[in-house]
Amino acid sequence: MQASEDISAHMHRVQLAERELRELGTIWRMIEAAAAISCPVEVAPILPTLIATRERFEALQTRLIRQIAEENRASLGDELQAQAQCTIDILVRNLFERTADVGFLATDDVVRDFCALAPDARAAAQAGMVTRLAEYQAKYTVYDDIVLLAPTGEVLARLDHGAGLHSSTEPLLAQALAAPAYVERYGVSDLQPSGQAALLYAHRILSRHGAVLGVLVLRFRFADEMQQIFDSMVDHRQEVAIVLLDDERRVLATNDEAHVPTGARLVPVASDGVRLTTFAGREYLAVCSASRGYQGYMGPAWRAQAMVSLLTAFRHTGGADAGTPLQAVVPENAPSLMAIRKDADAINRALRRVVWNGQLMAGHLDGDALRLKAVLTQINQASLRTRRRVDMALDELAQTSLWRARRQSRELARLAADILDRNLYERANDCRWWALSPALQEGLAAPAGPPSWAALGAVLDHINGLYTVYSRLVVFDPAGRIRGASRAEQRPDLAELQVPAAWVSAVSTLRGHQQYAVSEFADTVLHEDGPTYTYLAAIRAPGQGTLLGGIAIVFHAAREFQAILRDVLGERSGFAAFVDAQGRTMARSGGTDPLGTVAALDGGGLVEVGGVAYACTSLRAGGYREFKRSDGHQNGMRALVGLPLGKPEARRVSLGDQDLALAAVPGASVRMVAVFQVGQGRYALPVRALLEAVASDGLVATPERRGAALGLLQVHVNGAAPLVPVLCARRLFGMPQAAREGDGVVLVLRDPAQPARPALGLRVDDVLTMLDVADAQIHPVPDSFQHISPRVDGLLDVHANDRHGTSKVLLQSLDPQCLLASG
């Protein structure tokens, strides 16, 4: 990766934040200079703290800008990574199924018998063979051609009638003849008439005695499948190019030919996150992903790459949905964000204390304090602007972090739904194809009895041994009696059972070889591992169309659904699940969380579970190719994914961000009061009763602490540093809750007998402001209230102003003598 500055220059949000924060830094320096010139003596006590706070702010500004840039880059990386990884993973899972298909079809008895025929007999049977291959292709629509080759390369039968090829020199032929398993190849082939590259799967065809009869070749609809995968990413912005690359970095498929064309050769990009690369003279940010494999199959040595121009990469920045309470969530996976927020809160408190102490000092001055008050007003205004801009930046960081989690949950849910539909697509294909097996047709046509039971069981055991996603396969007659079953040794009673009447009824209504039926997701006596789907197809007599019965293939839903969810969730915390149209759980992986709440979501959102917020997505599985799109089948299944964000923070409205105001009373004399916060309450003490507000750092706990006593604190005043006892205002006022981390400042009260000496420290949550109060504005304390709060000697109605508007709040005036007596 190039230097971060090269990329952050293209991030509008980063540039805007950096400019505004630097302007605030300049304002702080101007205030310092103006204060040192206009009132050097008066400002001397607070100037060092002001300078130190400004320096802390500048250091925070650097970290904040760096973090915003990093979050923007990481967010883009998540988006590109999801697209690249999903592209290659979905493709490899699909190709894994093709390796199984070619091996199974190569053992088909009809195919074997055809290839073993003498040339004249084979010519006579060719039309029937092509019809059978067409039946296969009509169900497994991922293929656009099926070819049977003799060992010499002669074309024995082929679906593509217009190809006009009589003998093939395809290199895969020799490989397949020599290999005991499938072989695959992508490249230019004479089996692809267009002259374009083809993805071929081949397997040798052996007689029952092991003699080589020929080679079966399946031509995968590669371009069509890649378009299916690219189309599933339509929710992403159009500027992103997604390409499939071979081991020489050449583009095999692209989602945008005009952007990155097929055949183009790209610069190598490491598979370790977002990388800066170039193409056609332009700079791009790219993520390249290799296959993670599936059941040991890694697929061809291909990679998927998602790339976006650096000029447009950060034009669309992720944000939260309207109404999502992002500020209420503390992302556990963003410790740097939390550290910045913690430091920002500390700086805000320090700034408030600077202004508060300055106003306190101005209230003690006997002479003209106007210049000092003017400086303090500037500091207060700059402090407010700083807090708001830093809070805005922190909110943007939180939004980006949470949006990343939301997008990740959406991508995982989409992947789960996609894999689910592709898996069940294969199940619908299998039941229809196996229903065309001559062995099953002959077995059902034969009289019921041990011989047909054994013959049918042998065929079904062979199939079930190859296709382990099924717990059992059975065939039944039109009356529903089970005539054969796989794994019958585990259930000796199967020969005496009947399939449910609903299955028999469903099979009897199927017309043609393309229709199938699916049971309800329910328990069945044919399966011991919970509710599942059973796929059904009609078995008919060849040529006549007479219904001989049906085949029921019992899907092992619990195991297979769990495997999908585990693969999708990986090592992540959280949960993933499949639910039905009514929100009932069909399978799940991960922790125990109320899936019903998530299932009810329209798309996604934040859900609180057991004190933890989750980024959740609920996504309908919309189908694959014709499955659930045009074949009439619907199961209403949805994929749910929830990723933990952290604990919702009981983050109150910051009282320090509210301006307090009292209406002036014409002609009335006023006295200044110092306002501070304890819990959610606002309290005031006369300025004359206070020396200053100091940090609680250095507070020493004493062994005999009782009641509200916290310990001793050394206070530096007038060249001396006496120890003063410190009380906890929360305990004193009967607040059992502990203060939020970082809260805490000590108000130093004067000794009435020696006003220059400190007498007591009162630890409060924070300091707020100073107010000029007329006696007429102080309301007497009701007797009932005084019984609860004996230290309150008056109440004030104050207006609190913030960005949400103005509200009336209660301010409690405290009697300093009562506080001193408490110490």
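Rules and cut-offs
Residues numbered from 1 in each chain as written. Predicted model: local features only at pLDDT ≥ 70, side-chain atom pairs only at ≥ 80, totals over all residues. Heavy atoms only, no water. Helix = DSSP H or I, 4+ residues; strand = E, 2+ residues; numbered from the N terminus. Rg over C-alpha atoms; globule rule 2.2 N^0.38 Å. Buried < 20%, exposed > 50% of the residue type's maximum accessible area, 1.4 Å probe, protein only. Pairing = 2+ DSSP bridges. Axes fitted to C-alpha atoms, helices over the stretch in contact; angles between N-to-C directions. Contact = heavy atoms within 4.5 Å. Salt bridge = Lys/Arg side-chain N within 4 Å of Asp/Glu carboxyl O. Polar contact = N/O pair within 3.5 Å; in protein donor to acceptor, adjacent residues only side chain to side chain. Arc of directions from axis to C-beta. pLDDT = per-residue confidence, 0-100. Core = buried A, V, L, I, M, F, W, Y, C linked by side-chain atoms within 4.5 Å. Parallel < 35°, antiparallel > 145°, perpendicular 65-115°, else oblique. Left-handed = near helix turned anticlockwise from the far one by under 90°. Nonpolar A, V, L, I, M, F, W, Y, C, P; charged D, E, K, R; others polar. Phe/Tyr/Trp six-rings, centres within 6.5 Å; stacked < 30°, edge-to-face > 60°.

As a further point, take the overall build of the protein chain. The helix and strand tally for the protein chain stands at 18 helices and 33 strands. Computed over its C-alpha atoms, the radius of gyration of the protein chain comes to 38 Å, more than 25% above the 28 Å expected for a compact globule of 823 residues. With the C-alpha coordinates aligned to their principal axes, the bounding extent of the protein chain is approximately 125 × 65 × 50 Å. Counting only residues that meet the buried cut, the protein chain has 53% of its 823 residues in that class.

Reading across from one edge, 2-1-5-4-3 is the order of the 5 strands in this open sheet, with antiparallel pairing throughout. The sheet is open, and its two borders are formed by strand 2 (155-158) and strand 3 (183-188), each paired with just one other strand. Strand after strand, the sheet turns through a mean of 25° between neighbouring axes, direction not considered. In the packing of helix 6 (residues 119-139) onto the sheet, contacts are made with strand 1 (143-149) and strand 2, and the angle to strand 1 comes to roughly 150°.

If you walk across this open sheet you meet the 5 strands as 12-11-17-16-13, and the pairing is antiparallel. Both outer strands of the open sheet, strand 12 (482-485) and strand 13 (517-518), are each paired with one neighbouring strand and no more. Strand direction decides the pairing type here: strand 16 (residues 534-540) and strand 17 (residues 547-555), joined by 7 bridges, are antiparallel. Bridged to alanine 537 within strand 17 is isoleucine 551. Along the sheet, helix 10 (residues 370-434) makes contact with strand 11 (470-476), strand 16 and strand 17, crossing strand 17 at roughly 150°. In the packing of helix 13 (residues 501-508) onto the sheet, contacts are made with strand 11, strand 13, strand 16 and strand 17, and the angle to strand 16 comes to roughly 50°.

Here we take up the pattern of salt bridges. Per the stated rule, a full pass over the model turns up 43 salt bridges. In this structure, glutamate 528 and arginine 472 form a salt bridge, with 3.8 Å as the shortest nitrogen-oxygen distance. You can see glutamate 528 sitting in strand 15 (residues 527-532) and its partner arginine 472 sitting in strand 11, a full 56 residues away along the chain. Arginine 472 gets classed as buried once you look at its relative accessible area, which sits at 1%. For the salt bridge of arginine 730 with aspartate 765, the shortest nitrogen-to-oxygen distance reads 2.8 Å. Here arginine 730 is found in helix 16 (residues 729-732), whereas its partner aspartate 765 is found in the loop between strand 30 (754-764) and strand 31 (766-774), with 35 residues between them in sequence. Residues arginine 730 and aspartate 765 agree in their burial class; the two are buried. Linked by salt bridges that have partners in common, Arg221, Asp224, Glu225, Asp418, Arg422 and Arg625 make up one network.

Position of threonine 617 among the secondary structure elements: in strand 21 (residues 612-620). The exposure class of threonine 617 is buried, given its relative accessible area of 3%. A polar contact is formed between the side chain of threonine 617 and the backbone nitrogen of arginine 410, at a distance of 3.2 Å.

Further remarks concern helix 8 (residues 222-231). What helix 8 keeps buried is the set Phe222, Glu225, Met226, Ile229 and Phe230. One side of helix 8 holds all its buried residues, which, seen down the axis, span an arc of 140°.

The predicted model of the protein chain has a mean per-residue pLDDT of 88, with 93% of residues at 70 or higher. Predicted confidence is poor over residues 320-328, with pLDDT under 50, and the contacts of this stretch with residues over four places away or in other chains come to 14 contacts.

It is worth spelling out the nonpolar core at this point. Within the largest apolar cluster, 152 residues are counted, with the highest numbers of intra-cluster contacts made by Leu148, Leu285, Trp434, Ile551, Phe561 and Phe578. Among the elements that line this core, the one with the most residues is helix 10, at 23 residues. Discounting residues that sit within four places of it in the chain, phenylalanine 561 has contacts with Leu420, Leu424, Phe521, Tyr533, Phe555, Phe578, Met586, Ala587 and Met637. Val678, Tyr683, Ala693 and Leu747 belong to the second largest nonpolar core, which has 29 residues in total.

Listing the buried residues of helix 13 in full gives Trp503, Val504 and Val507. The buried residues of helix 13 occupy an angular sector of 100° when the element is viewed end-on, so they sit on one face. Along helix 13, the residues that are exposed and aim more than 90 degrees away from the buried face are Ala501 and Ala502. For helix 13, the secondary structure elements touched by its buried residues are strand 11, strand 14 (522-524), strand 16 and strand 17.

For the pair helix 11 (residues 438-445) and helix 12 (residues 450-466), interaxial distance at closest approach is 9 Å and the crossing angle is 160°. Regarding the angle of helix 11 to helix 12, the classification is roughly antiparallel. Once helix 11 is placed against helix 12, the crossing between them reads as left-handed. Contacts from Ala439, Leu440, Gly443 and Leu444 in helix 11 reach Ser452, Leu456, Val459 and Leu460 in helix 12. Class assignment for the residues of the contact of helix 11 with helix 12 results in 6 nonpolar, 2 polar and no charged.

The next thing to look at is unusual backbone geometry. A positive phi is found at arginine 249, a non-glycine position, where the angle reads about 70°. Here arginine 249 shows up in the loop between strand 6 (241-245) and strand 7 (251-254). One non-glycine residue, arginine 487, lies in positive phi territory at about 55°. Position of arginine 487 relative to the elements: it lies in the loop between strand 12 and helix 13. Look at arginine 487 and you get partly exposed, because its relative accessible area is 23%.

A word on the packing of aromatic side chains. Summed over the entire model, instances satisfying the criterion amount to 22 aromatic pairs. Ring centres of phenylalanine 104 and tyrosine 467 lie 5.2 Å apart, and the angle between their planes is 90°; this geometry places the pair in the edge-to-face category. In this pair, phenylalanine 104 sits in helix 4 (residues 47-105) while tyrosine 467 sits in the loop between helix 12 and strand 11, placing the two residues 363 residues apart along the sequence. Each member of the pair phenylalanine 104 and tyrosine 467 is classed as buried. Ring geometry for tyrosine 186 versus tryptophan 302: centroids 5.4 Å apart, planes at 85°, classification edge-to-face. Highlighted residues: tyrosine 186 in strand 3 and tryptophan 302 in the loop between strand 9 (282-290) and strand 10 (303-309), separated in sequence by 116 residues. Tryptophan 302 gets classed as buried once you look at its relative accessible area, which sits at 8%. Ring pairing ties together the aromatic residues Phe521, Tyr533, Phe555, Phe561 and Phe578, which thus form one cluster.

Along the chain, aspartate 101 turns up in helix 4. A polar side-chain atom of aspartate 101 sits 2.9 Å from a polar atom in the side chain of arginine 98. If we ignore the near neighbours within four places in the chain, the residues touching aspartate 101 are Tyr136, Tyr140, Tyr143, Leu218, Glu426 and Tyr467.

Take the pairing of strand 1 next. When you tally the buried positions in strand 1, you get 6 out of 7 residues, the bulk of the element. As paired elements, strand 1 and strand 5 (residues 212-220) share 6 bridges and run antiparallel to each other. By the bridge assignment, isoleucine 146 is partnered in strand 5 with leucine 218. As defined by bridge partners, strand 1 adjoins strand 2 across 3 bridges and the pair is classed as antiparallel. Bridge pairing in strand 2 links leucine 148 to alanine 157.

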